[in-house]
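Take a look at the letters that make up each chain.
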Amino acid sequence: MRAEGPLVPGVVPRVSRDAGSFRGTLSNYLPGRPAPAAMWRERQVAATRSEDLTANDWAASSLVSNITLNAVGANGLMPSSVIPANMLGIDEDLAREIGNAMEDAWWLWSERAGYDGQPFSELQYMGMHSALVHGEMVHVPVMVDPASDGGFLGLRIQPVHPQRMCTPADKRGQSNFRDGVELDVHGRSFAGWIAEPDPSLFTGMHGWDALGSGSFRRIPYRVGHRVGLFHCFRHTSEEQYRGEPVITPALKLFRHLADSLEYELIGQIVAASFPLVFTSGRKGGSTDDMDAFFRNGGGVQGPQGGQGDGQAPVYHQAYAPGQVLYANEGEDAKVLSSDRPGANWSSFVTFIVRAMGASAGLPYEAVLKDFSKTNYSSARAALLEAWRVYMMWRQWQARRYCHPLWRMVQEEAFLRGHIKLPRNAPGFYEALPLWTAANWIGPGRGYVDPVKEADAAITMLDNGLATYSEILGERGLDVEDVWTLRGHEDRMLHRLAPELAERINSRTGATAQRGPYPSDPPAQTQEQGHAQ
């Protein structure tokens, strides 16, 4: 008998879990895992189906377009330089001046950022759309001569279809390849293989994966500290090397709902096109007459036709809306009842669309843009829930795509002499993350009730619960740009329309003698004015 010490653990076994047993309705539930050599095929088929649904199905297209438009917007994400002056040991005004020069360099580059001359906003939209449809985006940075290309810098971005990234046929058996991704000795993604066949020889009949390594280009993920290949996707599981489309969990629902709607629509067309049929009381034709009619390809039916006139009977296989048909002798027309869709069809479709939206994290109202059944509180709750999804995708693209490009652009601008750094500060490469620090601002969230939300923003500002940067950032604006423009407008208003400025100040409760804006020039003393 043991007199002291801890008791022996694990004497009482756990209660059996239904989730891990083979009894009841779960007796035949055994999920399968595809073999490693076949996983690439399953992912490729899912991406192809997703691309087809997005191109041809209204619900899938609405979901993808909705996330893309709200996460990226028409003008894309814009950088706002936030150089930490205290960490670099420089003055804040100097840091702001350098940041403005970096933003100017980015703006000039972004006008022709694409290899085919696309602006960077279009590259962002294409990249986000590809990440949602295919599960990943593949963009290749290339260098061109800016003088001959008409651009500000030599960096260009070439979008590539993700299906071109696959394992060559002669490399498929090697253990360091995962679906077009080459791994290093530590199992990390090292290089991507992009199919680049001879256009005159490649027909596409057997797919990209049937090509040998001679028809591929091997592109390293990184070249030194620079990105060599933008292969961006959201990691949702361990040991993941390729992305999955956003509609993958509900792909069956999208397809089956599209088929159901099409069948119901066809049924409505048939019911609406039902013709007028005249019948006669004489006996109709035999089965032999019907077989002969279809073998001969049918005939023309007129009001005087009939077996009594020695004409073959006519059997109708198709009809047009409003058509008048004449039946054969002895035939009678039976009116088809149109009782579809059923009484619960609308609620059924709503439930399916809710499930499809939930698979991507979006509420029903955001997928269909239908707020007819909501009030202010429920509509705002739905939009806030959708906004979390948009912000997740926005931050993902800013972190994985936009900010690395920002560093590459600023590096080239620095090397070409467009950006000057102070001599008493750390070097550009010595403090690269500090010099290239930036926030990314996307499209604004918008208002459900502008008055209520503006009052809430003012209350948070007055009580120190929010900053101007946060409030304006939610509207897609930069605080420095807004205050600079406000100062310019206020000075122009007082100069050109002083009476209007006085009325505006009195209506808002402000005094005619306003305080200075950050963009105002420094105030001069009376002695300085006399000295000038």
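Anyway, here's the lowdown on the structure attached to this text. (Residues numbered from 1 in each chain as written. Predicted model: local features only at pLDDT ≥ 70, side-chain atom pairs only at ≥ 80, totals over all residues. Heavy atoms only, no water.)

The backbone of aspartate 179 sits at a positive phi, close to 55°, despite the residue not being glycine. At lysine 369, a position not held by glycine, the phi torsion is positive, near 55°. Owing to a relative accessible area of 52%, lysine 369 belongs among the exposed residues under this scheme. (Buried < 20%, exposed > 50% of the residue type's maximum accessible area, 1.4 Å probe, protein only.)

For helix 7 (residues 251-272), which comprises 22 residues, the first-to-last C-alpha distance of 32 Å matches the rise-based estimate of 32 Å (1.5 Å per residue) to within 8%. Taken together, the buried positions of helix 7 are occupied by Leu251, Phe254, Leu257, Asp259 and Glu264. Summarising the contacts, the buried residues of helix 7 are in contact with helix 1 (36-56), helix 2 (58-71) and helix 9 (345-359). (Helix = DSSP H or I, 4+ residues; strand = E, 2+ residues; numbered from the N terminus. Expected span 1.5 Å × (residues − 1). Contact = heavy atoms within 4.5 Å.)

On to the sheet that holds strand 4 (residues 177-178). Overall, antiparallel pairing links the four strands, which are arranged 4-5-6-7 in an open sheet. Looking along the sheet, the strands with just one partner apiece sit at the ends: strand 4 and strand 7 (216-220). (Pairing = 2+ DSSP bridges.)

Here the focus is the pattern of salt bridges. In total, this model carries 13 salt bridges according to the counting rule given. Glutamate 136 is the partner of arginine 242 in a salt bridge, and the nearest nitrogen-oxygen pair spans 2.5 Å. Linking arginine 242 in the loop between strand 10 (230-232) and helix 7 with glutamate 136 in the loop between helix 5 (120-133) and strand 2 (137-143), this pair joins segments that are 106 residues apart in sequence. Here the two residues arginine 242 and glutamate 136 agree in accessibility, since each one is buried. For the salt bridge of aspartate 179 with arginine 242, the shortest nitrogen-to-oxygen distance reads 3.6 Å. One end of the pair, aspartate 179, is in the loop between strand 4 and strand 5 (181-183); the other, arginine 242, is in the loop between strand 10 and helix 7, and 63 residues separate them in sequence. Classification of aspartate 179 by relative accessible area gives buried; the value is 15%. Three or more residues are tied together by salt bridges with common partners; here these are Arg43, Glu136, Asp179 and Arg242. (Salt bridge = Lys/Arg side-chain N within 4 Å of Asp/Glu carboxyl O.)

So, about the nonpolar core. Proteins that are soluble and globular tend to have nonpolar side chains buried together. Core analysis: the largest hydrophobic core is formed by 72 residues, its most contacted members being Trp109, Tyr401, Leu405 and Trp435. Other than its neighbours up to four places away in sequence, leucine 405 contacts Trp106, Trp109, Phe120, Leu155, Ile157 and Phe230. Core analysis: the second largest hydrophobic core is formed by eleven residues, Val140, Leu183, Tyr221 and Leu229 among them. (Core = buried A, V, L, I, M, F, W, Y, C linked by side-chain atoms within 4.5 Å.)

Enumeration according to the criterion identifies 14 aromatic pairs in this entry. Taking 6.0 Å as the distance between ring centres and 35° as the angle between the ring planes, the aromatic pair formed by tryptophan 345 and phenylalanine 348 counts as tilted. Within this pair, tryptophan 345 and its partner phenylalanine 348 are both found in helix 9, separated by three residues, close to a single helical turn. By relative accessible area, phenylalanine 348 is classed as partly exposed at 39%. (Phe/Tyr/Trp six-rings, centres within 6.5 Å; stacked < 30°, edge-to-face > 60°.)

On to the packing of helix 7 against helix 9. Between two packed helices, the angle of one axis relative to the other and the distance separating the axes together describe the packing. Here helix 7 crosses helix 9 at 155°, and the two axes come no closer than 10 Å. As judged from the angle between their axes, helix 7 and helix 9 are roughly antiparallel. Of the two elements, helix 7 crosses helix 9, and the hand of that crossing is left-handed. Facing Leu253, Phe254, Leu257, Ser260, Leu261 and Glu264 of helix 7, the residues of helix 9 in contact are Trp345, Val349, Ile352, Val353, Ala355 and Met356. (Axes fitted to C-alpha atoms, helices over the stretch in contact; angles between N-to-C directions. Parallel < 35°, antiparallel > 145°, perpendicular 65-115°, else oblique. Left-handed = near helix turned anticlockwise from the far one by under 90°.)

So, about the packing of helix 5 against helix 11 (residues 376-415). One can describe the packing of helix 5 onto helix 11 by two numbers: an axis separation of 11 Å at closest approach and a directional angle of 130°. One finds that helix 5 runs oblique with respect to helix 11. Seen from above, helix 5 lies across helix 11 with right-handed handedness. On helix 11, the residues that touch Phe120, Leu123, Gln124, Gly127, Met128, Ala131 and Leu132 of helix 5 are Trp393, Trp396, Gln397, Tyr401, Cys402 and Leu405.

Keep in mind these values describe shape, not function.
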